[in-house]
Amino acid sequence: MFSSCDNKTFHSEGLELDLKSKVFGQHLATAVVLNAVTVFMRDQHPQKPLVLSFHGGGGTGKNHVAKIIAQNIFNDGESSKQVHWFIGDYHFTKEENLETHKAQLRRWIRGNVTKCPCSMFIFDEMDKMNPELIDSLRPILDHYGNIDGVTYRYALFLFLSNAGTRTINRVAYDLWSAGTIREDIQLSSGNLETELSKDVFNNNGLILCVSVGGFWHSRLINKNVVDFFIPFLPLEYRHVRLCVLAHMAAMGLPWSEDLADHVAREMQYFPREDRVFSVTGCKRVRARLDILSSHDELPLQGSGPPSHNAVR
Ligand SMILES: *[C@@H]1O[C@H](CO)[C@@H](O)[C@H](O)[C@H]1NC(C)=O
């Protein structure tokens, strides 16, 4: 019946391999994603759509992981016609059209899911969306068998936002200061999950400030329609470096550890005293490489070891 849909056979091995080899410094997020997506995709009769909420700073890999999920579910990957990207500060922002936007969004989701039940809806910069608009999605995301004859339970919804970043970064820094090995960090470490959900549930406007927008006031959270809140940790120098190497390979540039060091070292790190975490993660890497290679400025040799502060 849905033979025209772009659904490839889901192999969790492919997803696992991609998450392990293409995402840097996110052992926690990738483990939760792999488990959640695999269980959901293997379930012939899911109770509700899969709803994942990704949290973390820019360049930590939220979009990247969303694309990797799409690539392992659809033949056309993130450009499949079953993958729908909505960007918070671009789509649906005008207050005065709120009712129209609500109706339109629900109509789109309904139309697409009717055509192909396994569709993926990605809401990027979720924290910039009007909370009422998000609220209006609640029935779709919840445990309803069907709504007016349409079932949404085979669909995937991903919410990407910066909300909670401060908490994630603070916990990551505290753990780093205490000498915890990053790869040993669990959702329970430093109460990461609890702290993150405290942000989510008790946002008093102080901790998260403006970046939260209205997202956390939205009842979407309270109703437990989000299956997993997934923290993306701030990246360290060594992860940025791996990112540079991956981009270099993708661009067909010759392998150069020196260049990787050079580019990773140019990035900014915080906090100022320790310079542990990258401000922009993997975000500026490609642009930087483009500039360097277009100017023939590739410092392929002898840029020396990275400053001691940046490594650990
Ligand atoms: C599917 O969603 C897109 C937005 O991503 C929208 O333009 C399109 O009209 C929708 N299709 C249906 C059948 O509703």
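The structure we're discussing is the one just above.
This report concerns the structure included in the present document. Values in this document were obtained by computation on a predicted structure and should not be read as measured data.

We now examine the overall build of the chain. Helix and strand content of the chain: 12 helices and seven strands. At a minimum sequence separation of 6, the contacts of the chain that also span at least 24 residues come to 77%.

It is worth spelling out unusual backbone geometry at this point. In this model, phenylalanine 270 is joined to proline 271 through a cis peptide bond whose omega is -10 degrees. Mapped onto the secondary structure, proline 271 falls in the loop between strand S6 (269-270) and strand S7 (277-278). One non-glycine residue, glutamate 125, lies in the positive phi region at around 50 degrees. Relative to the helices and strands, glutamate 125 resides in the loop between strand S3 (120-124) and helix H5 (131-135). Classification of glutamate 125 by relative accessible area gives partly exposed; the value is 25%. In the Ramachandran plot, aspartate 148 falls in the positive-phi region, its phi being about 50 degrees despite a non-glycine side chain.

This brings us to the state of the cysteines. Each disulfide consists of a covalent bond between the sulfur atoms of two cysteine residues. According to the stated counting rule, one finds two disulfides in the structure shown. Put simply, cysteine 243 and cysteine 282 are joined by a disulfide, and their sulfur atoms are 1.8 Å apart. On the sign convention where negative is left-handed, the bridge of cysteine 243 and cysteine 282, at about 105 degrees about the S-S bond, is right-handed. Remark: cysteine 282 occurs in the loop between S7 and helix H12 (285-294) and cysteine 243 occurs in helix H10 (residues 237-251); sequence separation between them is 39 residues. A relative accessible area of 6% places cysteine 243 in the buried class. The connectivity of the disulfide bonds within the chain can be written as 1-2, 3-4, using the sequence rank of each bonded cysteine. A disulfide-free cysteine, cysteine 118 has its sulfur positioned 8.4 Å from the sulfur of cysteine 5, the nearest such atom. Residue cysteine 118 is classed as buried on the basis of its relative accessible area of 12%.

Turning our attention to the packing of helix H1 (residues 12-22) against helix H3 (residues 62-73). Between H1 and H3, the least distance of the axes is 9 Å, while the angle of their chain directions is 155 degrees. Overall, the two elements H1 and H3 adopt an arrangement that is roughly antiparallel. Where H1 crosses over H3, the handedness of that crossing is right-handed. When H1 is examined against H3, the residues Gly14, Leu15, Asp18, Leu19 and Lys22 are found in contact with a partner set consisting of His64, Val65, Ile68, Ile69, Gln71 and Asn72.

This part covers the sheet that holds strand S2 (residues 83-87). Two pairing modes exist for strands in a sheet, parallel and antiparallel, and in both the strands are linked by backbone hydrogen bonds. Read from one edge of the open sheet, five strands run S2-S3-S4-S1-S5, paired in parallel fashion. At either margin of the open sheet sits one strand with a lone partner, and together these are S2 and strand S5 (228-231). Averaged over neighbouring strand pairs, the angle between their axes works out to 15 degrees when direction is ignored. Note that strand S1 (residues 50-55) and strand S4 (residues 156-161) share six bridges and pair parallel. What sits directly across from phenylalanine 54, in S4, is leucine 160. Its contacts with the sheet put H3 on S1, S2, S3 and S4, and the angle it makes with S4 is roughly 165 degrees.

Take the packing of H10 against helix H11 (residues 257-266) next. Taken N-terminus to C-terminus, the directions of H10 and H11 make an angle of 125 degrees; their axes are 8 Å apart at the nearest point. Viewed along their axes, H10 and H11 adopt a mutual orientation that is oblique. Between H10 and H11 the crossing geometry is right-handed. For the pair H10 and H11, the contacting residues are Tyr237, Val240, Arg241, Val244, Leu245 and Met248 in the first and Glu257, Leu259, Ala260, Asp261, Val263, Ala264 and Arg265 in the second. Taken together, the residues of the contact of H10 with H11 sort by class into nine nonpolar, no polar and four charged.

Ranked by size, the top nonpolar core spans 35 residues in total, and within it Ile109, Phe121, Phe123, Leu141 and Phe157 carry the most contacts. Among the secondary structure elements, those contributing two or more residues to this core are helix H4 (98-115), S3, H5, helix H6 (138-141), S4, helix H7 (165-177) and helix H8 (192-201). Here this core takes five residues from H7, the largest share from any one element. When residues no more than four places from it in sequence are discounted, the contact partners of isoleucine 109 are Phe121, Phe123, Leu137, Ile140, Tyr152 and Phe157. Membership of the second largest hydrophobic core comes to 30 residues, among which are Phe10, Leu19, Leu52 and Ile122.

Along the chain, isoleucine 122 turns up in strand S3. Its relative accessible area of 0% is what places isoleucine 122 among the buried residues. Excluding residues within four positions of it along the chain, isoleucine 122 makes contact with Ala66, Val83, His84, Trp85, Phe86, Leu158 and Leu160.

Scoring rules and cut-offs
- Residues numbered from 1 in each chain as written.
- Predicted model: local features only at pLDDT ≥ 70, side-chain atom pairs only at ≥ 80, totals over all residues.
- Heavy atoms only, no water.
- Helix = DSSP H or I, 4+ residues; strand = E, 2+ residues; numbered from the N terminus.
- Contact = heavy atoms within 4.5 Å.
- Buried < 20%, exposed > 50% of the residue type's maximum accessible area, 1.4 Å probe, protein only.
- Disulfide = S-S within 2.5 Å.
- Axes fitted to C-alpha atoms, helices over the stretch in contact; angles between N-to-C directions.
- Parallel < 35°, antiparallel > 145°, perpendicular 65-115°, else oblique.
- Left-handed = near helix turned anticlockwise from the far one by under 90°.
- Pairing = 2+ DSSP bridges.
- Nonpolar A, V, L, I, M, F, W, Y, C, P; charged D, E, K, R; others polar.
- Core = buried A, V, L, I, M, F, W, Y, C linked by side-chain atoms within 4.5 Å.

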